[in-house]
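Here is how the chains run, residue by residue.
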Amino acid sequence: MHVLVVYCHPVETSYHAALHREIVANLRGAGHTVDDCDLYAEGFDPVMSRAERLGYHEVPSNRVPVAAYIERLQRADALVFCFPTWCFGLPAMLKGWFDRLLMPGVAFDLSDPAHVRPMLTHVKRISAVVTYGRPRWMAWYMGDPPRRIVTRYLKRLTGNAARVDYHACYHMNVATPARLARFLRTVGQAMARFA
């Protein structure tokens, strides 16, 4: 499978950087080809400009500002996201990736606005590796937007055909080294079995 890994963390020495390395190494070890998209390292611009927003519904010219990223998305059989949850949401960089790429003519067909059709039907598998500073009950209380985006919204854009899993490590503020090591192993094993 050709897997697009979308990684979003600004610090190369972070726990998330270790998770990212584990994801990529185990996917490659399992025989997958990996397009490793490190949004910070690549200097991705998360800001949708005024001109982009005005042209948002103009298919196919709406693709021009992020054409290279759209090509990578369209080549993928699977998507793996690796990111921290900040303020109970996606990091701004990743939110910008969603806002700028998941547009008409790419992620969904709006030619009949009453019957929007999904266009990421080539994506057969979605996974996310996510950390939270707070405990699971707090994320649940806040509605857990990152989980919903990955497990519901993205799945919907595949025509509900993609298999989705969500690996979350909660309460990072008090995580012990042993718990972090255990989660890292769990993620590695999940990526080694990724299919």
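Values in this document were obtained by computation on a predicted structure and should not be read as measured data. Going along each chain's sequence as written, the residues are numbered from 1 onward. Totals for whole chains, interfaces and linings use all residues, but because this is a predicted model, local features are given only for residues with pLDDT of at least 70 and pairs of side-chain atoms are given and counted only at 80 or more. Calculated side-chain values reflect all of the structure's heavy atoms, with hydrogen atoms and water omitted.

1. A look at the packing of aromatic side chains
Stacked, edge-to-face and tilted are the three classes for Phe, Tyr and Trp ring pairs, Trp counted by its six-membered ring, which pair at centre distances within 6.5 Å; planes under 30 degrees apart are stacked, over 60 edge-to-face, the rest tilted. Taken as a whole and assessed by the stated rule, the structure comprises five aromatic pairs. With a centroid separation of 4.9 Å and 80 degrees between ring planes, the pair formed by F44 and Y69 is classed as edge-to-face. Within this pair, whereas F44 is found in the loop between strand 2 (33-38) and helix 2 (50-54), its partner Y69 is found in helix 3 (residues 67-75), the two being separated by 25 residues in sequence. Here the two residues F44 and Y69 agree in accessibility, since each one is buried. Each residue in the set F81, W97 and F98 is aromatic and connected to the rest through ring pairs, giving one cluster. A cation over an aromatic ring shows up here: R53 above the ring of Y56, its NZ or CZ 4.5 Å from the ring centre. Strands are runs of DSSP state E lasting at least 2 residues, helices are runs of H or I lasting at least 4, and numbering of each runs from the N terminus. Relative accessibility decides the category of a residue: with a 1.4 Å probe and only protein chains considered, values under 20% of the type maximum give buried, values over 50% give exposed, and everything between is partly exposed. Our definition puts a charge over a ring when NZ of Lys or CZ of Arg is within 6 Å of the ring centre and also within 35 degrees of the ring normal.

2. Thoughts on the nonpolar core
Soluble, globular proteins show a tendency: their nonpolar side chains are buried together. Among buried residues, the Ala, Val, Leu, Ile, Met, Phe, Trp, Tyr and Cys ones that are joined through side-chain atoms within 4.5 Å form a nonpolar core. Counting 41 residues, the largest nonpolar core has L39, L73, F81, L94 and W97 as its most contacted members. Secondary-structure elements contributing two or more residues to this core are strand 1 (2-7), helix 3, strand 3 (78-84), helix 4 (92-101), strand 6 (125-131), helix 5 (136-141) and helix 6 (145-157). When residues in this core are grouped by element, the largest group, five residues, is from helix 4. Contacts between residues were defined by any pair of non-hydrogen atoms, one from each residue, lying within 4.5 Å. L73 has contacts with L4, L79, W97, L101, L102, V106, L120 and H122, leaving out every residue within four places of it along the chain. Within the second largest apolar cluster, 22 residues are counted, among which are A78, L180, V187 and M191.

3. Considerations on the sheet that holds strand 3
Taken in spatial order, the five strands make up an open sheet running 2-1-3-6-7, and their pairing is parallel. Looking at which strands have only one partner, the edges of the open sheet turn out to be strand 2 and strand 7 (163-169). When the angles between neighbouring strand axes are averaged without regard to direction, this sheet yields 15 degrees. Where strand 3 lies against strand 6, seven bridges are found, and the strand directions are parallel. When the bridges of strand 6 are listed, F83 appears paired with V130. Axis definition: a line fit to C-alpha positions, over the contact stretch in the case of helices; interaxial angles, taken between N-to-C directions, run 0 to 180 degrees. The sheet contacts of helix 3 involve strand 1, strand 2 and strand 3, and relative to strand 2 the element is tilted by about 145 degrees. Here helix 4 sits on the sheet and contacts strand 1 and strand 3; the angle it forms with strand 3, its principal contact strand, is near 150 degrees. When DSSP finds at least two bridges between two strands, those strands are taken to pair.

4. Regarding the pairing of strand 3
Extensive coverage of strand 3 is indicated by the burial of seven of its seven residues. Residue alternation in strand 3 divides its side chains into two sets, A78, V80, C82 and P84 and L79, F81 and F83, and both sets are buried. In this sheet, strand 3 lies alongside strand 1 in parallel orientation, the contact comprising five bridges. Paired with L4 across the bridge in strand 3 is L79.

5. Quick look at the environment of N26
Here N26 shows up in helix 1 (residues 15-29). The sequence separation of N26 and E71 amounts to 45 residues, and the corresponding C-alpha distance is 24 Å. With near-sequence residues (within four places) excluded, N26 lies in contact with G188, M191 and A192. Engagement of the side chain of N26 in a polar contact is seen with the backbone oxygen of E22, the distance being 2.9 Å. Any N or O atom pair separated by 3.5 Å or less is treated as a polar contact, with the protein-specific requirement of one donor-capable and one acceptor-capable atom, and with residues adjacent in sequence counted only for side-chain atom pairs.

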